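Breakdown of the fold
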Amino acid sequence: MHDGNTPFSARFGFHGPDAEITIREDAPEEVRSAVAMLGYAFDQGPGSMRDLLCEVLLKRPDPGNWSPGNIENEVHRLIDDAPWYRIYDFVERLYLEVGKGDFSGDRQRSFEDRLNRSFRELGVGWELDQGKLVARGSQAFTLATRDAVAVMQSAGMPTAAQEIHESLRDISRRPTADVTGAIQHAMASLECVAREIDGSTDTLGKIIGRLSFPPPLDVALHKLWGFASEQGRHIVEGREPSFEEAELIVTIASATGVYLLRHHQRA
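These lines cover the structure that appears in this document, whether it is placed above or below. Computed from a prediction, not measured in an experiment: that's the story for all the values here.

About the thresholds
Residues numbered from 1 in each chain as written. Predicted model: local features only at pLDDT ≥ 70, side-chain atom pairs only at ≥ 80, totals over all residues. Heavy atoms only, no water. Patch = residues over 30% accessible without salt bridge, like charges linked within 9 Å, V, L, I, M, F, W, Y side chains within 5 Å. Areas by Shrake-Rupley, 256 points an atom, 1.4 Å probe, with all protein chains shown as cover. Salt bridge = Lys/Arg side-chain N within 4 Å of Asp/Glu carboxyl O. Helix = DSSP H or I, 4+ residues; strand = E, 2+ residues; numbered from the N terminus. Axes fitted to C-alpha atoms, helices over the stretch in contact; angles between N-to-C directions. Parallel < 35°, antiparallel > 145°, perpendicular 65-115°, else oblique. Left-handed = near helix turned anticlockwise from the far one by under 90°. Contact = heavy atoms within 4.5 Å. Nonpolar A, V, L, I, M, F, W, Y, C, P; charged D, E, K, R; others polar. Expected span 1.5 Å × (residues − 1). Buried < 20%, exposed > 50% of the residue type's maximum accessible area, 1.4 Å probe, protein only. Core = buried A, V, L, I, M, F, W, Y, C linked by side-chain atoms within 4.5 Å. 1 Å grid on protein atoms, 1.4 Å probe; cavity = no way out; pocket = protein on both sides within 12 Å on 5 of 7 lines; lining within 4 Å. Points joined across faces, edges and corners; volume = space filled by probe spheres on them.

Here's the deal with a nonpolar patch on the surface
Where nonpolar side chains cluster on the molecular surface, the patch consists of Phe8, Phe12 and Phe14 and spans about 370 Å² of accessible area. One can find phenylalanine 8 in helix α1 (residues 8–12).

Okay, structure coming up:
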């Protein structure tokens, strides 16, 4: 489907509520079908789809398939049999192909928008962001992390912003998220902000009491620091943090860093 043929629902802003995220380290049939249909909708014919899939999967196209119908069946078979994470690799490859010859970027933006809408409706915990799939968490997670990077950069703290960026990269890794790395980078970002405001090189655990946290938030943050240190730095055998725990810590660390910077600027 060309960009000029924007669907009715998109033109008028109709969409259902986002489904609860239930798909992260998986690509069930409905996700594979959505990706395939979206590729065809953006003018990728069976031959192109097969070439892109074989490139991603490092497979040789079946030389016995030359008619469009047989090639399309081969495409479906490749998609059905691919490891789940290769489906998301294929999404990123499709994004690049869709943009060829379109210097305005409209087609890629349209592809990204339609894919993300589909993923939200299907409960997929990934979203396409400028051609790269990143982990999609709760609305609070999305708002906190994006706001944090922007606020830290504008405050002249590129290192703290980079730590949040690295945290998002770790939590978005395929096929397995680096949850401990995400926790470490998120808390490193918060510690970087705290040191800048406090004017010291102490650890965050020592700085918390000297910052502008009203009680009992200071106590809660101290406990968060202890939990993050245990899970991100002093890992206990058999007790790796879950994705949800990492998401929570990244969200709180990002939001807390933004709070500290804005409070410091007002003061």
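A few points about the packing of helix α7 (residues 139–154) against helix α8 (residues 158–171)
Orientation of α7 relative to α8, taken along the N-to-C sense of each, is 150°, at an axis distance of 7 Å. As the angle between them shows, α7 and α8 are arranged roughly antiparallel. Here α7 and α8 pass one another in a crossing that is left-handed. Residues Phe141, Thr145, Val149, Met152 and Gln153 of α7 form the contact with α8, whose own contacting residues are Pro158, Ala160, Ala161, Ile164, Leu168 and Ile171. Counted by class, the contact of α7 with α8 contains 9 nonpolar, 2 polar and no charged residues.

Observations regarding helix α3 (residues 46–57)
For α3, built from 12 residues, the straight-helix expectation of 16 Å at 1.5 Å per residue is met to within 8% by its first-to-last C-alpha distance of 16 Å. In the core, the buried residues of α3 are packed alongside α2 (29–41), α4 (68–81) and α5 (84–98). Phi for leucine 58, located one or two positions after α3, is positive at around 55°.

Some details on the pattern of salt bridges
Scanning the entire structure with this criterion turns up 18 salt bridges. The shortest N-O distance in the salt bridge between glutamate 74 and arginine 50 comes to 2.8 Å. With glutamate 74 in helix α4 and arginine 50 in helix α3, this pair connects stretches of sequence that are 24 residues apart. Across the pair, exposure class does not vary: glutamate 74 and arginine 50 are buried alike. A salt bridge links aspartate 147 to arginine 262; the nearest nitrogen and oxygen atoms lie 3.2 Å apart.

Let's talk about the nonpolar core
Residues Met152, Ile171, Met187, Leu190, Val193 and Leu204 are the most contacted members of the largest nonpolar core, which totals 37 residues. Elements supplying a minimum of two residues to this core: α7, α8, α9 (179–198), α10 (204–207), α11 (217–232) and α12 (243–266). Residues in contact with methionine 152, not counting those within four places in the same chain, are Met157, Pro158, Ala160, Ala161, Ile164, Ser189, Val193, Gly257 and Leu261. Judged by nonpolar contacts, the second largest core, of 34 residues, contains Val31, Val56, Tyr88 and Leu94.

Describing the layout of surface pockets
Taken as a whole, the largest pocket spans an internal volume of roughly 620 Å³. As for the largest pocket, its lining consists of 19 residues, and the residues nearest its centre are Val134, His165, Leu168, Arg169 and Ser172. When contributions to the lining of the largest pocket are tallied by element, the ones reaching two or more residues are β1 (126–129), β2 (132–135), α7 and α8. When its residues are assigned to classes, the lining of the largest pocket shows 6 nonpolar, 5 polar and 8 charged. Every residue lining the second largest pocket is counted, 13 residues in all, and those nearest its centre are Asp18, Arg136, Gly137, Gln139 and Thr142.

So far we have only geometry, and geometry alone does not tell us how the molecule works.
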